[in-house]
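A closer look at the structure
Chain by chain, the residues:
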Amino acid sequence: AAGASPAMVNAEEEAEDFTKISACVSINVGTALTPHWISMMLKTADACKQHGKPWCLDPVGMGATPHRNAVCVQLMEKRPTVVRGNASEIMALAAGCKVDVTNLNAAGGKGVDSTAGTEEALPAGIALARAYGCVVAISGAVDIITDGVKKVCISN
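In this report, we go over the structure that sits alongside the text. (Residues numbered from 1 in each chain as written. Predicted model: local features only at pLDDT ≥ 70, side-chain atom pairs only at ≥ 80, totals over all residues. Heavy atoms only, no water.)

1. Description of the pattern of salt bridges
- Applying the stated criterion across every chain yields a total of three salt bridges.
- Here Lys78 ties to Asp46 by a salt bridge, and the two come within 2.8 Å at their closest N and O atoms. Of this pair, Lys78 sits in the loop between helix 3 (66-76) and strand 3 (82-86) while Asp46 sits in helix 2 (residues 35-50), and the two are 32 residues apart along the sequence.
- Overall, Asp46 belongs to the partly exposed group, its relative accessible area being 37%.
- The closest approach of N and O atoms between Glu119 and Lys151, which form a salt bridge, is 3.4 Å. (Salt bridge = Lys/Arg side-chain N within 4 Å of Asp/Glu carboxyl O. Helix = DSSP H or I, 4+ residues; strand = E, 2+ residues; numbered from the N terminus. Buried < 20%, exposed > 50% of the residue type's maximum accessible area, 1.4 Å probe, protein only.)

2. A short note on the packing of helix 4 (residues 87-96) against helix 5 (residues 118-132)
- Viewed as axis vectors pointing N to C, helix 4 and helix 5 meet at an angle of 40 degrees, and their least axial separation amounts to 8 Å. In this structure, helix 4 meets helix 5 at a crossing whose hand is left-handed. Between helix 4 and helix 5, the contacting residues are Ala87, Ile90, Met91, Leu93 and Ala94 on the first element and Thr118, Glu120, Ala121, Ala124, Gly125 and Leu128 on the second. (Axes fitted to C-alpha atoms, helices over the stretch in contact; angles between N-to-C directions. Left-handed = near helix turned anticlockwise from the far one by under 90°. Contact = heavy atoms within 4.5 Å.)

3. Brief notes about the sheet that holds strand 4 (residues 135-139)
- One open sheet accounts for six strands, arranged 1-2-3-4-5-6; its pairing is mixed. For this open sheet the edge positions go to strand 1 (25-28) and strand 6 (151-155), each flanked by a neighbour on one side alone. Strand-to-strand, the axes of this sheet are offset by a mean angle of 15 degrees, without reference to chain direction. (Pairing = 2+ DSSP bridges.)

4. Here's the deal with helix 2
- Look at helix 2: 22 Å from first C-alpha to last across 16 residues, which is about the 22 Å you get at 1.5 Å a residue.
- For helix 2, the complete set of buried residues consists of Trp37, Ile38, Met40, Met41, Leu42, Thr44, Ala45, Ala47 and Cys48.
- Check the buried side of helix 2 and you find it contacts helix 1 (12-21), strand 1, strand 2 (55-58) and helix 3.
- Among the residues trailing helix 2, Gly52 stands out with phi positive, at a value near 65 degrees. (Expected span 1.5 Å × (residues − 1).)

5. Here's the deal with unusual backbone geometry
- One non-glycine residue, Arg79, adopts positive backbone phi at about 65 degrees.
- Of note, Arg79 is situated in the loop between helix 3 and strand 3.
- Even without being glycine, Lys98 reaches a positive phi, approximately 60 degrees.
- By the element assignment, Lys98 lies in the loop between helix 4 and helix 5.
- Among the residues examined, Lys98 registers a relative accessible area of 71% and is labelled exposed.

6. Section: the layout of surface pockets
- The computed volume of the largest pocket comes to approximately 850 Å³.
- When contributions to the lining of the largest pocket are tallied by element, the ones reaching two or more residues are helix 1, strand 1, helix 2 and strand 2.
- Of the residues that constitute the lining of the largest pocket, the class distribution is 20 nonpolar, eight polar and no charged. (1 Å grid on protein atoms, 1.4 Å probe; cavity = no way out; pocket = protein on both sides within 12 Å on 5 of 7 lines; lining within 4 Å. Points joined across faces, edges and corners; volume = space filled by probe spheres on them. Nonpolar A, V, L, I, M, F, W, Y, C, P; charged D, E, K, R; others polar.)

Given below as structure tokens:
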């Protein structure tokens, strides 16, 4: 519907070339977090910056393991254009990135399952958006999208 042409690129040798011809890039950490994949994700984020391409970080399972948490924080340092996650992932990401959030309970969820509602995660989303200059989309029964100043709610 959006006109996207998805390509699952996992060869480092293709990262920059695919980034150049892409309108935008999605980096989803739900795949294997082996050294090869991590290097590929970081290289792709760098290529996005170099070529002025927007990119979205999907921190799948953030809060589940220390290794996954560290990778997500590393990717946040690359300054994604958009961060998209469920409430627990966004809350855990804010805690992992050490952004200043009031009323944050970053228990981390249950892997990819959220244990919090989107409104509960809104302070974390706002803090991440402000700290990293990005848009944060918190998915749930009611999706919330924020740039750190404004918020839009979308009922599913």
